[in-house]
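Below, each chain spelled out in residue letters.
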Protein chains: 2
Amino acid sequence: MQVKGFSAAAVQAGIRYAGRYDLGLIFSQTPAVTAGMFTTNKVKAAPIVLAMERLGSGLCQAVLVNSGNANACTGQAGMDAAVATAGSAAQELGIDPHLVQVASTGVIGQQLPVEPFTRAMPQLVAGLSPDGFDQLAQAIMTTDLVPKVATATVLIGEAEVRLLGVAKGSGMIMPDMATMLCFVVSDARIDHPTLDQAVKVGVEQSFNRITVDGDTSTNDMVLVMANGEAGNTLIDADHPEAAALFNAALYDIFKELALKIVADGEGATKMVTIRVTGARTEQEALHAARTIANSALVKTAFFGEDANWGRIIAALGRSDCLFDPDRVAIRFDDVMLVNRGIFLGSEQEEAATNVLKQRAFTVTIDLGEGDAAAEMYTCDFSFDYVKINADYRS
Amino acid sequence: MQVKGFSAAAVQAGIRYAGRYDLGLIFSQTPAVTAGMFTTNKVKAAPIVLAMERLGSGLCQAVLVNSGNANACTGQAGMDAAVATAGSAAQELGIDPHLVQVASTGVIGQQLPVEPFTRAMPQLVAGLSPDGFDQLAQAIMTTDLVPKVATATVLIGEAEVRLLGVAKGSGMIMPDMATMLCFVVSDARIDHPTLDQAVKVGVEQSFNRITVDGDTSTNDMVLVMANGEAGNTLIDADHPEAAALFNAALYDIFKELALKIVADGEGATKMVTIRVTGARTEQEALHAARTIANSALVKTAFFGEDANWGRIIAALGRSDCLFDPDRVAIRFDDVMLVNRGIFLGSEQEEAATNVLKQRAFTVTIDLGEGDAAAEMYTCDFSFDYVKINADYRS
């Protein structure tokens, strides 16, 4: 899909490894209204610090993104490199450097070499194309096995508004505000407060509900750019219906990309939805779901296709959620395995084990305390997770 | 070592598997002053609920402990089984059933069969011996590879006071108050408030500082019994020096057993001390150390013998500890790899990698913010961890 006024490109710049796309560029013909969210990790990579500063204007025209090096924990030299690489892109594009955002992903703690960026810049800019987003999605992959792209089209009045998002995972994933890298471009005409709110609400219910390994990255970044080229009636507070349509489309993209990240979690063989219902408050439900979704014992049991509800209830018990163990019910998809805290027997266990043999399933934990519910999306914990992370830098 | 007035025994009762010691008994000739700590998990196994109730008297004469079945999440039937098995031991020993504690470890959510206990009881009681603790340490093992015993002797006045402890790990280990199973017997004469305080302080600095997988068990229990047979001057608030000596000896046993649990953590190939120094408060230091010690990415890097300090600083950044990344120093034993937030280069990295090749080492993270420090003890995250926990119930 093409989004009016937007183009993208990627090149093999050799930033860390040769022979793979590792540098990408997103460009809007005109400055786009832009909202973003960033990691809540207290250790913030240089591009994050720069982006938070530059986003103050609410506008952005280009995003330069590299894999292979996170430019995190690199001190003043790292910040200088972020500014220099953004400047190099701005010069080649002929735009104001303050309208260029940079994003990086990869190894933490290595100085980012500027030279590969400046060398590759002419080719990168020359390659900009409305169809360049698939290549860009490849350029931002690290341990990801598949590129992640999602698109949506929504009618605002009589104008067709398009949205296209790309994201990458797939380790150091437990977003807590924003996550990993995700860029969404849209030709929507929308004002900044409305876009900002749509991003905050959407991220909270999508990227902030996934976990691969419980670790929050130093480089998490979500940027959404809207350049108005669709010519729709302005989406703002005076047009709540248009805002609702746009928000829903943006949320669909966030959610689709978030689930793709979990499904491609490092070493993952299962994609699991943890749904906690019957909690007293949504916050308690979310905390319970997050604790279960992060438990190494629960995740290894998923890998072993073992309906080990004892580990689920033990994780539940160390969460901040208040409940009475004697009221808990646990289901694997439609198979109830535990009711009122008591195991329902080997026949039910066999049926639950069959659910676990699937590539994707939902575990529902009902607390019987109230009406609040929350979901988290997680994956299993496999041999390959250990292999990938014991070998990653070698 | 023998402890006056105490004996122990173990038998193969066939509670879950045949051909292994799975039922043990500790007995004191006279009721012993007893203090304990229990899991903070909101899901508490039946033996924990019973023990918390019975410990109200401050006295205990016998502990009956089984592996193979945790008697957790088993409802009223589980509580009935706990009372019945304790009663069976009391009858065979000829003592008040309220002076018998039961402890269980193993699979959660299976009803505990009483029959194997009653059948084995005569043989178990007949086998009681002052030298029976090594066998008892075997009977409480689950995924543990080695039995865990520690002893200490301390002179209180002119009386030689002895302490002997046994413990088991080795998964679902992130104690948060008390942990796993640990039983210490002593012939010390000590009053209950003094013993209680010694247990609380000692556990906080030992079992509450270890983690294998971040999961807190439903069955954690520490019991310390002192029967006074050593004939020492009473250890109480009026004898602070005697209390100090006893406390130190008890702490040594706790610490030794805690470290043995980590070293024998499921799949562990490395025993790692995470030391955070220069924090503003001890609580912040502890939270930082705990977050690093639980990070799956940090632990897989240890397994890969990769001095991946980026993952350490990323985990630090998502902890509740306040710090400035530009002041952080990281050392692997004596090798400084990061200073003022900046990587010191490949020569230092090579030296740090050599430290990681050892079976045990210390990672020190200095925050440069204040004078507070804390340590956590953890292990690496290996293929075997996944294998053990994907296969455990099969």
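Structure shown above.
Here goes a summary of the coordinates provided. (Residues numbered from 1 in each chain as written. Chains lettered and ligands numbered in written order. Predicted model: local features only at pLDDT ≥ 70, side-chain atom pairs only at ≥ 80, totals over all residues. Heavy atoms only, no water.)

## Quick word on the sheet that holds strand S10 (residues 271–279) of chain A
Residues and elements named next belong to chain A.
Here's step 1: Strand order across the open sheet formed by seven strands is S8-S15-S10-S14-S11-S12-S13, with mixed pairing between neighbours. The strands lining the two open edges of the sheet, one partner per strand, are strand S8 (210–211) and strand S13 (342–343).
Here's step 2: Pairing of strand S12 (residues 335–339) with S13, which is carried by two bridges, proceeds in the antiparallel orientation. The residue of S13 that forms the bridge with Asn 339 is Ile 342.
Here's step 3: Packed on one face of the sheet, helix H6 (residues 240–263) meets S8, S10 and strand S15 (372–379) and runs near 50 degrees to S15.
Here's step 4: Sitting on the sheet, helix H7 (residues 282–294) touches S8, S10, strand S14 (360–366) and S15, and the angle it makes with S15 is about 20 degrees. (Pairing = 2+ DSSP bridges. Helix = DSSP H or I, 4+ residues; strand = E, 2+ residues; numbered from the N terminus. Contact = heavy atoms within 4.5 Å. Axes fitted to C-alpha atoms, helices over the stretch in contact; angles between N-to-C directions.)

## Notes on the sheet that holds strand S13 (residues 360–366) of chain B
Adjacent strands of a sheet form backbone hydrogen bonds with each other and so pair up, either parallel or antiparallel.
Residues and elements named next belong to chain B.
Here's step 1: With mixed pairing, the six strands of this open sheet are ordered in space as S12-S11-S10-S13-S9-S14. Every interior strand has two partners, whereas the edge strands, strand S12 (342–343) and strand S14 (372–379), have only one.
Here's step 2: The pairing of strand S9 (residues 271–279) with S13 spans seven bridges and is classified as parallel. Note that in S13 the partner of Thr 273 across the bridge is Thr 362.
Here's step 3: Sitting on the sheet, helix H10 (residues 346–356) touches strand S10 (329–332), strand S11 (335–339), S12 and S13, and the angle it makes with S11 is about 130 degrees.

## Observations regarding the relation of the copies chain B and chain A
One copy of the chain maps onto the second through a rotation around an axis plus a translation along that axis.
Here's step 1: Placing chain B over chain A gives an RMSD of 0.0 Å and needs a rotation angle of 180 degrees, together with 0.0 Å of translation along the axis. Taken together, the rotation and translation describe the operation of a two-fold axis. Residue Phe 383 of chain B, judged by its C-alpha, is the member of chain B lying nearest the rotation axis, at 2.7 Å.
Here's step 2: When the interface residues of chain B are mapped onto chain A, 100% of them again fall at the interface, so both copies present the same face. (Least-squares fit on C-alpha atoms with pLDDT ≥ 70 in both.)

## Considerations on the pattern of salt bridges
Residue and element names in this part refer to chain A.
Here's step 1: What the rule picks out here adds up to 22 salt bridges over all chains.
Here's step 2: A salt bridge links Lys 357 to Glu 305, with the nearest nitrogen and oxygen atoms 4.0 Å apart. Placement of Lys 357 in the loop between helix H10 (346–356) and S14 and of Glu 305 in the loop between helix H8 (296–303) and helix H9 (309–318) is noted, with a sequence separation of 52 residues between them.
Here's step 3: Lys 357 sits in the partly exposed class, given a relative accessible area of 48%.
Here's step 4: On the basis of relative accessible area, Glu 305 is assigned to the partly exposed category, the value being 27%. (Salt bridge = Lys/Arg side-chain N within 4 Å of Asp/Glu carboxyl O. Buried < 20%, exposed > 50% of the residue type's maximum accessible area, 1.4 Å probe, protein only.)

## Regarding the packing of aromatic side chains
Residues and elements named next belong to chain A.
Here's step 1: One pass over the structure, following the stated rule, counts 10 aromatic pairs over all chains.
Here's step 2: The interplanar angle of 80 degrees and the centroid separation of 5.6 Å between the aromatic rings of Phe 302 and Phe 361 together place this pair among those described as edge-to-face. Taken as a pair, Phe 302 in helix H8 and Phe 361 in strand S14 lie far apart in primary sequence, 59 residues in all.
Here's step 3: With relative accessibility at 2%, the residue Phe 302 sits in the buried group. (Phe/Tyr/Trp six-rings, centres within 6.5 Å; stacked < 30°, edge-to-face > 60°.)

## What to know about the packing of helix H1 (residues 46–54) of chain A against helix H2 (residues 75–93) of chain A
Residues and elements named next belong to chain A.
Here's step 1: Put simply, H1 and H2 touch, their axes get as near as 8 Å, and they point 60 degrees apart. As far as their axial angle goes, H2 and H1 are oblique. Once H1 is placed against H2, the crossing between them reads as right-handed. Contacts between H1 and H2 involve Ala 46, Val 49, Leu 50 and Arg 54 from the first element and Gly 78, Met 79, Ala 82, Val 83 and Ala 86 from the second. (Parallel < 35°, antiparallel > 145°, perpendicular 65-115°, else oblique. Left-handed = near helix turned anticlockwise from the far one by under 90°.)

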